Each structure stands twice: as structure tokens, then as C-alpha cells.
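Structural overview
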Amino acid sequence: MPISFILSFCAMKYDFAKNTSHLIILTIIIQTMKIIPLAFDSFGARSMATYIETRDIKILFDPGVALGPSRYRLPPHKKEIEREGELWEDIRDKAKISDLLIVTHYHYDHHDPNYPELYKDKTLFIKDPKNNINYSQKNRAKYFLEQIKDIPKEINTADNSSFEYKNTKIVFSKPVCHGTNNRLGYVVETLIDDGKERFIHTSDVEGPALDDQVEFILEHNPKTLILDGPMSYLLGYVYPSKCLEKSIENIIKIIDETDIGTIIPDHHFTRDLHYVERLKDVYERIEGTDVKVITAAEYAGRDVELLEARRKELYAKSS
Ligand SMILES: [Fe+2]
Ligand SMILES: [Fe+2]
């Protein structure tokens, strides 16, 4: 969704030949940050791929898309496989025009080691592949780096660092837990600030239920937040209800303590058919304010299509 400021100026132009003057209007469109969700669970496949364009730089977050291998003991439906392919095409198209690619961690819905050409001549920021990482992701990171060897223009470790490209500032968080504990390793959250818009992509925080996950957001005061919301589809099983409560408390804290305009909870959150009612307290809190809480599909102007969560239905319809 592009955010533009339109400035119009009125001026008088004198025509010497006709000895007359005309009123002319000069219009200047100042383009600020474009935030384009490319692939999300609310689009029908697992991903948080996002394209950001500022006046200074084009950035692609987490170029990967995957499908839940088993839901309701069913493998991905044909419709999900088709959607995954379509979304991957969109990611590849945006990768071609991006200057900088970010890989927030090494799960296959956030990067794909089988397409090293995606990284050709790009500046790459990656989650530290050796420190604050679990065993499985360490192995995946090693394999990924072998596959892309000598392909990107440069590879930088993202964790706890910041960079500037002309007027665009990029700030990476310290490693924060993937979810509510470090069993699945760590991810980095990212702020992009072009001086007009402040945008944060949280990566897989599954909440945010933990203090340091939410502290990065509070500290950097985003206007737009792409949030990996609570993993409520596994509530009471893998995801404790006290983590859902804490996440709701933290989302309300973000609304109360920052200048947030739009929160986009998605990814693990939109695997839950009941996602809207889970955030009932949040919707009550934003009533009468300008704050929006919408899925990535709604932000992008698409239909919400929770294909994984509706897998059982998809099979029933096609049988
Ligand atoms: Fe992940
Ligand atoms: Fe993920």
C-alpha cells in the first residue's frame, strides 16, 4: 500500500507572445514507503514475505513460502499447492528488483536454499547463523550459506545492528525467541524508518508474549506493524492460554503506548479459524480510534483465504 503526499502549488505563468497570464498548478507527489505483503497465511500459504520500497532502497523480507505438511492429518490440498506456486512467483518477481534481502531465520517458510540465484548481486542481511540459534536452524543456515556462496554482493549478520542507506534507517533487534521460548531458536525483528513512515516486521514471535519481543516494538514506535500473532490454533496444546493472554495484553500496550496506525497480525495467527474472536479485547480497545487491526490479506486488498485452516473443508468439497 503506497503512502504518498501530494503537494500542490499555484503559480502565475506570463505568456509574452499573447501578453496574458495563466494560473498554473504544479503538483509534486512525494512517495514515501510502500509496504506490500507478498505471501502470508491469510493469502493461503505459510509465509511472512514482505516487500518494502522507500525513496532510497528496495527491501525484501523473508523470501520463502511453504505449506503445513499435515493439518487435521491431511496433506496440503491441491488448491494450497497452486497458491504456494502463485505466491512464490510474486516473491521471485520482487526479489529481482530488490536491492536488499533479509532472512530473519532459517525456517523454510522464510527462505529457500534451492533458489540461490534469488540472491545474485544482492545485499543480504541474515540472522546470525552461529550464535543464538538452535541445532536444526544452525544446520539449515550452514547449508543455505553453502548454496549461496559467492552469489550475493555482500552478506551481513543482522542481529542487534543498524544501517543507513541515504535517508532510510534499518534497525535489527537482538535475537528474540522464536515463539514463547527458545526451543525453536531465535529470530530478528526489523525496523525500517524512512523519516516519514516507521515500519516493523516482527518475524516469528508468535505473540508477542515475551517482554523483549514487545520492547523492540515499544522502543521504535512503528506506525505500521507486521506481527506474527499468537499461535492460537494450537491453544492449550502447544500454545498455553497464558501466552495468548499475555500477547493480547502486549498488543493493547502497543496501541496505548505508541503512535501505531495499523497492526497486521498474521502468519501463525491466521492458521486459526477463530482468529477474530481471539482478539476481541483488542478490537474493543481500538473502537472509536483510528487504529486498524487487519490481516495482511485485508491490508493488501485481497480476500482472506485461510486455506490451511480450511483444509478439511477443501477436501470435503473436492471429494
Ligand atoms: Fe519460523
Ligand atoms: Fe514462520
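In the block above lies the structure referred to throughout.
Numbering of residues starts from 1 in each chain and follows the order in which that chain's sequence is written. Following the order in which they are written, the chains are lettered starting with A and the ligands numbered starting with 1. The model is predicted, so local features are restricted to residues of pLDDT at least 70 and side-chain atom pairs to those at 80 or more, both for listing and for counting; the totals for chains, interfaces and linings are taken over all residues.

**Here's the deal with the overall build of the chain**
Runs of H or I in DSSP of at least four residues are treated as helices and runs of E of at least two as strands, each being numbered from the N terminus. Along the backbone of the chain there are eight helices and 16 strands. C-alpha atoms define the radius of gyration, and 2.2 Å times the number of residues to the power 0.38 defines the globule rule. Here the chain has a C-alpha radius of gyration of 21 Å; the compact-globule value for 319 residues is 20 Å, and the two agree. Along the first, second and third principal axes, the C-alpha set of the chain runs to 80 × 50 × 45 Å. Three exposure classes are used, all based on how many other C-beta atoms lie within 10 Å of a residue's own C-beta (placed from the backbone): buried at 20 or more, exposed at 12 or fewer, and partly exposed between those limits. The buried share of the chain, reckoned over its 319 residues, is 46%. Residue pairs at least 24 apart in sequence account for 66% of intrachain contacts in the chain once pairs closer than 6 positions are excluded. Here contacts are defined at the residue level, using C-beta atoms placed from the backbone and a cut-off of 7 Å between them.

**Considerations on the pairing of strand S13 (residues 198-201)**
Burial along S13 is two-sided: the residues Arg198 and Ile200 and Phe199 and His201 are all buried. Each pair of strands is called paired provided DSSP finds at least two bridges between the two strands. Sheet analysis places strand S12 (residues 190-193) next to S13, joined by four bridges and oriented antiparallel. Within S13, the position partnered with Thr190 by the bridge is His201. What sits between the antiparallel neighbours S12 and S13 is a turn of four residues, in which Gly195 has the positive phi angle 95°.

**Structural notes on the environment of Tyr275**
Locating Tyr275 in the fold gives a position in helix H5 (residues 275-278). Assessed through the 23 C-beta atoms surrounding it within 10 Å, Tyr275 is described here as buried. Put simply, Tyr275 and Ser232 are 43 residues apart on the chain and 7.6 Å apart in space, counted from C-alpha to C-alpha. Setting aside its immediate chain neighbours within four residues, Tyr275 contacts Ser232, Phe269 and Thr270.

**Structural notes on the sheet that holds S12**
Read across the open sheet, the seven strands follow the order S8-S9-S12-S13-S14-S15-S16; overall the sheet is mixed. Looking at which strands have only one partner, the edges of the open sheet turn out to be strand S8 (162-165) and strand S16 (292-293). Two elements, strand S14 (residues 224-228) and strand S15 (residues 262-266), share five bridges in a ladder whose sense is parallel. Following the sheet pairing, Thr224 is matched in S15 by Thr262. Lines are fitted to the C-alpha atoms to define the axes, a helix being fitted only along its stretch in contact, and any angle between axes, read from their N-to-C directions, falls within 0 to 180 degrees. The strands that helix H3 (residues 211-220) touches are strand S9 (168-172), S12, S13 and S14; relative to S13, the one it contacts most, it runs at about 170°.

**Here we look at the nonpolar core**
In these notes, a nonpolar core means any group of buried Ala, Val, Leu, Ile, Met, Phe, Trp, Tyr and Cys residues linked to one another through C-beta atoms within 7 Å. In this structure, Ala39, Ile59, Leu87, Ile91, Ile102, Leu225 and Ile263 are the most contacted members of the largest nonpolar core, which totals 76 residues. Those residues in contact with Ile102, other than ones at most four positions away along the chain, are Ile59, Phe61, Asp62, Phe125, Ala158 and Thr190.

Keep in mind that these numbers describe shape and distance, not what the molecule does.
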